[in-house]
Every structure is written in C-alpha cells, then in structure tokens.
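The primary structure of each chain is shown beneath.
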Amino acid sequence: MRVVVALGGNALQRRGEAMTADNQRANVKVAAEQLAAVTRLGHNLVMCHGNGPQVGLLGLQNDAYARHVDGKVTPYPLDVLGAQTEGMIGYMIEQELGNVLPFEVPLATILTQTEVDAADPAFQNPTKFVGPVYSKEEAEALAASHGWTVKADGDYYRRVVPSPKPKRIFELRPIKWMIEKGAVVIAAGGGGIPTMYQGDKLVGVEAVIDKDLASALLAREVDADYFVIATDVKSVFVGWGTPEAKAIRHAHPDEMDKLGFAAGSMGPKVEAACEFARLTGKRAVIGALEDIEKIVKGEAGTIISTEKAGIEWY
C-alpha cells in the first residue's frame, strides 16, 4: 500500500519551545521512530511536512541581518526561505529515518515547486501562521515595526501570511520515479516552494502554501492508497476545549462540511482530507503522530471517506 503522510510543522517544533536545532532534531527523531512503523508494515511511505515555525524563524534571522547592515541588503523572500526549510527539515528527517530503518532502504528529499494562482483571494486575506508565538503586546509591536499581519493562535499571537491553494506540483515525475524504485520520498515540504507564472516565466511568490492541501494534491497525483494527516491531537473533535467535546471516528466528507472548522488550525486539514476522499474514493485519516501505526491499520484517528454516509463518534 502506498501511504502519504503529512506531518505538521508544529510536530517538528513544539508550540512555545525554544526554536533551536537541537530541539528540532529531538522532535524529528521522535517523528522518525513513528514513521518507520509505516515501512515496517510493508507500505511505501511518501512524506510531506509543514514549515510554519521554521520559515518564520528564518524570516526573523533574515530581517535581523538586513537591519544589521543598515538596510543595504534586501531580505530574502518567503519562497527562498521555503526552499531553505525543505533542505533543512528534509536533511534531518532523512538522517533520523536512516538511523531507524535498514541501510538498504533508500531515502530522498526533493525540493518541490508548487504553482499557485496570482488571482487567488488568499493574497488579500493572510491566514497562514508562520514563526514563533508571541504575547499580544509583542505581536502588535512587531506588526507595527515590520509591516506584518498578526492574528491570535490559541492563547498566543503569530504572524500570518497569504496561503494560496496549490494548483500543480512541478517535480511530480522525479517524485514518481523514486517511489517506483522503493524510496522513502520526502516532498512538497511546507506545501512546496510557492511559484506562479508571469507571462511564460515561472517566478517565486511571497506566500506559504498550506502543507495539508499540497499533500492531498500530491497524494492524488502519486495514486496513494491512504492519506494520513499526522497532527498533535488523537482525532477531529466537535466542541474542542469544551465539556461537550466529541471525537469523530468516521465521517462522510459531506458531514464534515456541515460542521465548520477554524481556517487557521483544523480547517485546512479537514478540507484536504475531504478533497482527497471525494476525488479518489479512498480513505483520508487525521490523527496523532504517535498513533501512526494504528492509523494505518484503520484503528485510530478520524477516518474521512465516501464508504458510508453519516457520522460515527468515538
């Protein structure tokens, strides 16, 4: 079975945790141990990952350098920073997966460009969280000095940037070639490097593509049998954070559409899972990374599929 797993950026850099290389590697190591279970079950693993915290950190370092040289250096744009995170995170995942899988299992990270539409309304309404968390006061001060847009993210505030929908993945052919050779492929990191056409020229875009939507697109294009969105909760809940909270075991995409989920958190995950299920007739699952083995076996997480109507609760 071919399994595409989308791993959240916050699973690699925990919320509120110091954004150090050591912390990120420790989190990647935990993730790699879980993901290795997919290949041990005999499945072909394709991995995608988020990059919100990481691309935000690079942006801060970028801005600090530009200020250090009195503004004489133009800061690198988000598409270039996104490419940097694909290399950095892919390197760590490859290394830590390689430490727990047999040496014979090939691993490959592919820098992936994703096309977006210049007319996408997301450019007028930034929603994608990037970078570390701040207090309200810190966020407002940074927004004023950097020209950022900031929004609440739980009890904290973070920078938000445009998150246009993915249209096409340019490196699809080499991705497929490597999958066919049995490689564990890491692709579309951070949703892919955002690009669009200006006339007949492909150029980078100041945005961050949602990794779940890009992962769903990749899963469809590589003909995945199973699409898993690994996050930091056991399943999708209705009434999250309230005494009436209920966990969904299985749901038809039409039922999920009726419930409504926040655009900055669970919304894109549910949208991506529903899109995959509708267009392929196969299963998408949202669940906790530590349950990945049970998820692939169909024993954990929230399963979204067109197999049956209605909604089933845990």
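In this text the structure is predicted, and so the values were computed from the model without any measurement.

Describing the packing of helix α3 (residues 52–68) against helix α4 (residues 78–100)
At step 1: It is at 9 Å that the axes of α3 and α4 come closest, and there the two elements cross at 120 degrees. Classified by the interaxial angle, the pair formed by α3 and α4 is oblique. For the element pair α3 and α4, the recorded crossing hand is right-handed. Each of Gln54, Val55, Leu58, Gly59 and Asn62 in α3 lies in contact with α4, whose residues at this interface are Leu78, Leu81, Gly82, Gln84, Thr85, Met88 and Ile89.
At step 2: The class makeup of the residues in the contact of α3 with α4 is six nonpolar, six polar and no charged.

A few points about the domain arrangement of the chain
At step 1: Taken domain by domain, the chain consists of domain 1 (2–118 + 164–313) and domain 2 (127–161).
At step 2: Each of domain 1 and domain 2 has a C-alpha centre, and the two are 22 Å apart.
At step 3: Between domain 1 and domain 2, the contact holds 16 residues from the first and 13 residues from the second.
At step 4: Counting each side, the surface lost to burial between domain 1 and domain 2 is near 1,200 Å², with a carbon and sulfur contribution of 63%.
At step 5: Across the contact surface, domain 1 and domain 2 share one salt bridge.
At step 6: Residue Lys128 is joined to Asp210 by a salt bridge in which the shortest nitrogen-to-oxygen separation is 3.7 Å.
At step 7: Here the side of domain 1 that touches domain 2 takes eight residues from α3, the largest share from any one element.
At step 8: When its residues are assigned to classes, the side of domain 1 that touches domain 2 shows seven nonpolar, five polar and four charged.

Observations regarding the sheet that holds strand β6 (residues 149–153)
At step 1: Taken together, the three strands give an open sheet; going across it, the order is β5-β7-β6, and neighbouring strands pair in antiparallel fashion. Every other strand in the sheet has two partners, leaving β5 (128–134) and β6 as the edge strands with one partner each. On average, adjacent strands in this sheet sit at an angle of 40 degrees to one another, irrespective of strand direction.
At step 2: In this sheet, strand β7 (residues 156–161) lies alongside β5 in antiparallel orientation, the contact comprising four bridges. Of the residues in β7, the one forming a bridge with Phe129 is Val160.

Points about the pattern of salt bridges
At step 1: Counted according to the given criterion, the structure contains 19 salt bridges.
At step 2: Two residues, Glu275 and Arg220, come together in a salt bridge whose shortest N-O distance is 3.1 Å. Of this pair, Glu275 sits in helix α9 (residues 266–280) while Arg220 is found in helix α7 (residues 211–221), placing the two residues 55 residues apart along the sequence.
At step 3: Overall, the relative accessible area of 24% leaves Arg220 in the partly exposed class.
At step 4: Look at the salt bridges and you will find they share partners, linking Glu115, Lys167 and Arg168 into a network.

Examining the nonpolar core
At step 1: Judged by nonpolar contacts, the single largest core of 37 residues is most densely connected at Ile175, Leu218 and Phe227.
At step 2: Tallying contributions element by element places α9 first for this core, with seven residues.
At step 3: Setting aside chain neighbours within four positions, we find Leu218 in contact with Val46, Cys48, Ile169, Leu172, Ile175, Ala187 and Ala188.
At step 4: Membership of the second largest hydrophobic core comes to 30 residues, among which are Leu7, Leu97, Val296 and Ala300.

Some remarks on the packing of aromatic side chains
At step 1: Inspection of the entire model under this criterion finds three aromatic pairs.
At step 2: Pairing Phe170 with Tyr197 gives two aromatic rings, centres 6.1 Å apart and planes at 75 degrees, and the pair type is edge-to-face. Of this pair, Phe170 sits in the loop between β8 (168–169) and α6 (172–180) while Tyr197 sits in strand β10 (residues 193–198), placing them 27 residues apart in sequence.
At step 3: Relative accessible area serves as the criterion here: at 38%, Tyr197 is assigned to the partly exposed category.
At step 4: Ring geometry for Phe227 and Phe276: centres 5.4 Å apart, planes at 55 degrees, overall tilted. Residue Phe227 is found in strand β12 (residues 226–231), and its partner Phe276 is found in helix α9; the two are separated by 49 residues along the sequence. Assigned by exposure class, Phe227 and Phe276 land together as buried.
At step 5: Positioned over the ring face of Trp313 is Lys246, at 4.0 Å from the centre of the ring.

Scoring rules and cut-offs
Residues numbered from 1 in each chain as written. Predicted model: local features only at pLDDT ≥ 70, side-chain atom pairs only at ≥ 80, totals over all residues. Heavy atoms only, no water. Axes fitted to C-alpha atoms, helices over the stretch in contact; angles between N-to-C directions. Helix = DSSP H or I, 4+ residues; strand = E, 2+ residues; numbered from the N terminus. Parallel < 35°, antiparallel > 145°, perpendicular 65-115°, else oblique. Left-handed = near helix turned anticlockwise from the far one by under 90°. Contact = heavy atoms within 4.5 Å. Nonpolar A, V, L, I, M, F, W, Y, C, P; charged D, E, K, R; others polar. Domains from an automatic or database assignment. Buried area = accessible area lost by both parts, 1.4 Å probe. Salt bridge = Lys/Arg side-chain N within 4 Å of Asp/Glu carboxyl O. Pairing = 2+ DSSP bridges. Buried < 20%, exposed > 50% of the residue type's maximum accessible area, 1.4 Å probe, protein only. Core = buried A, V, L, I, M, F, W, Y, C linked by side-chain atoms within 4.5 Å. Phe/Tyr/Trp six-rings, centres within 6.5 Å; stacked < 30°, edge-to-face > 60°. Lys NZ or Arg CZ within 6 Å of the ring centre and 35° of its normal.

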